Amino acid sequence: MKFAVLNKVIGGILLISLLTLGLYQPLREVFLIPNHLVLFEGSHYNISTSLPVSAKHVNASTASVTIHKDNSAIMLDADKPGTNELLLDVAGLPVKKVDVQVLEDFKVVPGGQSIGVKLNTLGVLVVGHHLVATSEGKKSPGETAKIQVGDIITKINGQTIKKMGDVTPFVQEAGKKGEPLKFDIQRNQEKLKASLLPLKDKNEGTYKLGLYIRDSAAGIGTMTFYHPSSKKYGALGHVISDMDTKMPIVVKDGQVVQSTVTSIEKGSNGDPGEKLARFSSNREVIGNINRNSPFGIFGKLNQQIDNGIMDKEMPITLSHEVKEGPAKILTVVEGSEVEEFNVEIVSSIPQKFPAIKGMVLKVTDKELLKKTGGIVQGMSGSPIIQNGKLVGAVTHVFVNDPTSGYGVHIEWMLNEAGINIYEKPVVNKAS
């Protein structure tokens, strides 16, 4: 009986000890060190805790990082591409294993330029319904056919539809014959069929669908980066949605041109401001658009376009390396001149998977606040630079606080552009 009681007491002491150990702040710091680190060749990573932690290679023959010890801190130098396993210990007791992946050095040219964007839809986009004044009253053939706002008409009677001008001949011919049109429709990711009989407008004498349609959209934004070796670029940092349907535009293709900022509508609480701009007079196409995604627009440029202040390639920062603190953004607030402005990264979320809101920013530059009130529409895509590295892009403004907004991490934009920074370098074997 006495032994049973003693065992319970010892068990209780051990349980309390374990719980206390788990809540011991210095030890918690050790456990919060990431299990997996990704570093670029030539970069450094500092592991600093309150406890005297040491590290060693599990397999020294594959070492691509050098370990330096400085009191309680450990400095990792990424020497060459490869993978490592490190074992961390405290007072000689192993406490954590960390996998380290070193990537080949990677650089891009930051943007900041104001760009004009023209998107051509995949078919024609339905942006609304209207009533046709027929001799039997007002009716909407489009609504009767259950065609919805946001639907994309890709074919009529089996023929591919590329622009609005392709639709009119089908409508008039079908109306005169009294035969319904057969529509192929894309609704989100679903492909559907619809049958629609055009009705004659008694006032105009022409046949109509009872649908408002559009085949293109235009706007302005900011260039984020350019990758010289592949000619790929990324811009905007967020998806382009149709102003009427509020849905993402499904892109067939598109063009990027240079644009000039003509004036600024200053932002205020509850009323986000806006850059007012026009396409450059020569309307020279500087690149194409082949993707409109939640992370921006992407394609290839015909040539590198300089921003005038940071035209050389610079390294990028992965999401887990971004620090809270001072940073800069590159953007245009007047004409076509790219300027550098101060911001503060208020918070950054290390993300294992792509997400559009990875950082919270606050504009601290007095000159920018004076000119714009903070972040305004058209500033989306402005590159964020921290410690000489490209970390991401401005994406959204807080409606109730125009001095602040969200940013997206650059690694997700690179991924959307089709640039794989994790790709292993090709090793040429001797024949």
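Everything below is about the structure printed above this text.
Note that this is a predicted model, so its numbers are computed, not measured.

**Q** Mind laying out the overall build of the protein, listing which residues take part and the relevant values?
**A** The secondary structure content of the protein amounts to six helices and 31 strands. With respect to the principal axes defined by its C-alpha atoms, the protein has extents near 100 × 70 × 65 Å. Taking all 431 residues of the protein together, the buried fraction comes to 45%. Here the analysis covers contacts within the protein between residues at least 6 apart in sequence; of these, 66% occur between residues at least 24 apart. Total accessible area computed for the protein in this model is approximately 22,400 Å², and 53% of it derives from carbon and sulfur atoms. Each charge sign in the protein was given a centre, from 48 positive and 44 negative side chains, and these centres are 6 Å apart.

**Q** Explain the layout of surface pockets to me, using residue names and the numbers behind them.
**A** Approximately 930 Å³ is the volume found for the largest pocket. Those elements giving two or more residues to the lining of the largest pocket turn out to be β9 (114-129), β18 (211-227), β21 (274-279) and β30 (389-398). Grouping the constituent residues of the lining of the largest pocket by class yields 18 nonpolar, 10 polar and five charged. Looking at the second largest pocket, its volume works out to about 600 Å³. Forming the boundary of the second largest pocket are 22 residues, of which His 36, Ser 319, His 320, Gln 351 and Lys 352 lie nearest the centre. Contributions of two or more residues to the lining of the second largest pocket are made by β1 (36-40) and α6 (410-416). Per-element tally for the lining of the second largest pocket: the top contributor is α6, with three residues.

**Q** Which residues make up empty space enclosed by the protein, and what values do they have?
**A** The method is simple in principle: a probe with the dimensions of a water molecule rolls over the atoms, and the space it marks as empty is what remains. Counted by the stated rule, this structure contains one cavity of 30 Å³ or more. Put simply, the largest cavity is a space of about 40 Å³. Lining the largest cavity are Val 109, Pro 110, Gly 111, Gln 113, Met 223, Phe 225, Tyr 226, Leu 301, Gln 304 and Ile 305. When contributions to the lining of the largest cavity are tallied by element, the ones reaching two or more residues are β8 (107-110) and β18. Looking at the lining of the largest cavity, its residues break down into seven nonpolar, three polar and no charged.

**Q** Can you explain the side chain of Asp 365? Please cite residues and give values.
**A** Structurally, the position occupied by Asp 365 is in the loop between β28 (359-363) and α5 (366-372). It is Lys 328 that comes nearest to the buried, bridge-free Asp 365 among opposite-charge side chains, at 6.7 Å. Within polar-contact distance, the side chain of Asp 365 engages the backbone nitrogen of Asn 342 at 3.0 Å. Contact partners of Asp 365, with chain neighbours within four places excluded, come to Glu 340, Phe 341 and Asn 342.

What counts and what doesn't
- Residues numbered from 1 in each chain as written.
- Predicted model: local features only at pLDDT ≥ 70, side-chain atom pairs only at ≥ 80, totals over all residues.
- Heavy atoms only, no water.
- Helix = DSSP H or I, 4+ residues; strand = E, 2+ residues; numbered from the N terminus.
- Buried < 20%, exposed > 50% of the residue type's maximum accessible area, 1.4 Å probe, protein only.
- Contact = heavy atoms within 4.5 Å.
- Areas by Shrake-Rupley, 256 points an atom, 1.4 Å probe, with all protein chains shown as cover.
- Lys, Arg positive; Asp, Glu negative; His and termini not counted.
- Charge placed at Lys NZ, Arg CZ, Asp CG, Glu CD.
- 1 Å grid on protein atoms, 1.4 Å probe; cavity = no way out; pocket = protein on both sides within 12 Å on 5 of 7 lines; lining within 4 Å.
- Points joined across faces, edges and corners; volume = space filled by probe spheres on them.
- Nonpolar A, V, L, I, M, F, W, Y, C, P; charged D, E, K, R; others polar.
- Salt bridge = Lys/Arg side-chain N within 4 Å of Asp/Glu carboxyl O.
- Polar contact = N/O pair within 3.5 Å; in protein donor to acceptor, adjacent residues only side chain to side chain.

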